[in-house]
Amino acid sequence: MRKKTARPLRYLFFFFFCIASAMTLAGQETGESRSEYSPDIDVILKTKVEYDLNRSLIRFEVRNARFGLKGKINNVMSYRAELDLSDEGKMKMLDAYVRFSPVKNLDFYLGQRKIPFSTDYMRNPAENIFANRSFLSKYINDGMRDIGFYAEYKFNMEFPLQILLGTVNGTGNNNPQWISKPNFVGRLIAGPEKGFRAVLNLYSGETKDMEKLAMIGGELRYSTGALHLESEYIRRNWTDTLSVRQYDDGLYIHSYYNFIFEEKFFYSIAPVFRWDLIGNSVFNNKINANRITLGVNIGFEPRQFYSEIRLNYENYLTGNLPVHTDKITLEFIARF
């Protein structure tokens, strides 16, 4: 019984220690010369109510209660620490890494973070756009948070280009086991934040239940700030514990458009649309789940994904698992 309670207690101690330290430092450092080194605390609360249209069931949920701390030690060293008191009802340590930036545009990360494979997977709960995650994030990328070492470089060119290479344990979240060979991750981003952008993702190695794991993903995005249109495809193959080669893949297309109403009670209204599917081979009609999501996000301040109410309707065209049922979801987002 002690082993089951020790880890949550450590997390709670870690959280309160971070809060206390941040408040102490913020109170002591009043000079402008030290202001940029004061810790920055961030919180994400994501609460929702869902109605299952197929089974006439309802549930209320605190999906996330996430606390984070980040800051600079000096001009070359910074840090990030984050935990979630309610990640689908479980307490988890999330990010815990140190970043070393010896020269401009070059960063080294050592510690735990989401493996940088898939933009949609790397979004935090407030930035997910929809009440429920895409199939790619929930099934193919799920569990890809690990401890490792990364090098990231942004090329100083007129056309933005960014490359990231890294190695990780492959043993999962907060699980620093000894390994004979680390897993490899690569990510190439071409294009600006606004306009057209393309991303290539690679990941290889092995996990507890997957040997000779290989993943490749491609992303295309167009954004004007108000309009956002994005698509991503991921293909994964591995050898299971019975030495059988397995394959699956998935695809999504999603979009939103922000209508701004500065003088109204709300600041913005964004109709949202997503089509996503997953299976053994979606282009050969071997589909396990195929879903259309329609909804509207109502924002209450200029910063998107900070103060929102989301209403989503999910309609399954194909759903071979009991969890794949048509739903209506109302979600409140608070980020500060």
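Figured I'd write up the structure that's included with this text.

## Considering the overall build of the chain
Counting secondary structure elements, the chain contains 3 helices and 17 strands. For the chain, the proportion of its 336 residues judged to be buried stands at 44%. Expressed as a percentage of contacts within the chain between residues at least 6 apart in sequence, the contacts between residues at least 24 apart total 50%. In the structure as shown, the chain presents an accessible area of about 18,400 Å², 61% of it carried by carbon and sulfur atoms.

## A few points about the side chain of serine 223
Along the polypeptide, serine 223 turns up in strand S10 (residues 211-223). Polar side-chain contacts of serine 223 include one of 3.4 Å to the backbone nitrogen of glycine 225. Not counting chain neighbours up to four residues away, the residues in contact with serine 223 comprise Glu193, Lys194, Gly195 and His228.

## Structural notes on the packing of aromatic side chains
Under the criterion given, the structure shown has 12 aromatic pairs. For the ring pair phenylalanine 135 and tyrosine 139, a centre distance of 6.1 Å and an interplane angle of 35° mean the geometry is tilted. One end of the pair, phenylalanine 135, and the other, tyrosine 139, are both in helix H3 (residues 135-140), 4 residues apart, so they sit about a helical turn from each other. In this structure an aromatic cluster arises from ring pairing among Phe100, Phe108 and Phe149. Between arginine 113 and the ring centre of tyrosine 97, over which it is positioned, the NZ or CZ distance is 5.8 Å. Across from the ring centre of phenylalanine 130, 4.3 Å away, lies the NZ or CZ of arginine 274, which sits over that ring.

## Focus: the pattern of salt bridges
Applying the stated criterion across every chain yields a total of 24 salt bridges. For arginine 55, the salt bridge identified is with aspartate 52, shortest N-O distance 2.8 Å. Close ionic contact of glutamate 193 with arginine 221 constitutes a salt bridge, the shortest N to O distance being 3.7 Å. With a gap of 28 residues between them, glutamate 193 in the loop between strand S8 (183-190) and strand S9 (195-205) and arginine 221 in strand S10 connect regions that are remote in the sequence. For glutamate 193, a relative accessible area of 56% translates into the label exposed. For arginine 221, a relative accessible area of 10% translates into the label buried. One network of salt bridges, with partners in common, ties together Arg274, Asp276, Arg291, Glu314 and Lys327.

## Some points on the side chain of serine 78
Along the chain, serine 78 falls in strand S3 (residues 77-87). Using a relative accessible area of 9% as the deciding quantity, one classes serine 78 as buried.

## Some remarks on unusual backbone geometry
Peptide bonds are mostly trans, and most non-glycine residues show a negative phi. Phi at serine 118 takes a positive value of approximately 95°, unusual for a residue other than glycine. As for its placement among the helices and strands, serine 118 is situated in the loop between strand S5 (106-114) and helix H2 (119-122). Positive phi, normally seen in glycine, also occurs at lysine 212, with a value near 50°. The exposure class of lysine 212 is exposed, given its relative accessible area of 62%.

The rules behind each value
Residues numbered from 1 in each chain as written. Predicted model: local features only at pLDDT ≥ 70, side-chain atom pairs only at ≥ 80, totals over all residues. Heavy atoms only, no water. Helix = DSSP H or I, 4+ residues; strand = E, 2+ residues; numbered from the N terminus. Buried < 20%, exposed > 50% of the residue type's maximum accessible area, 1.4 Å probe, protein only. Contact = heavy atoms within 4.5 Å. Areas by Shrake-Rupley, 256 points an atom, 1.4 Å probe, with all protein chains shown as cover. Polar contact = N/O pair within 3.5 Å; in protein donor to acceptor, adjacent residues only side chain to side chain. Phe/Tyr/Trp six-rings, centres within 6.5 Å; stacked < 30°, edge-to-face > 60°. Lys NZ or Arg CZ within 6 Å of the ring centre and 35° of its normal. Salt bridge = Lys/Arg side-chain N within 4 Å of Asp/Glu carboxyl O.

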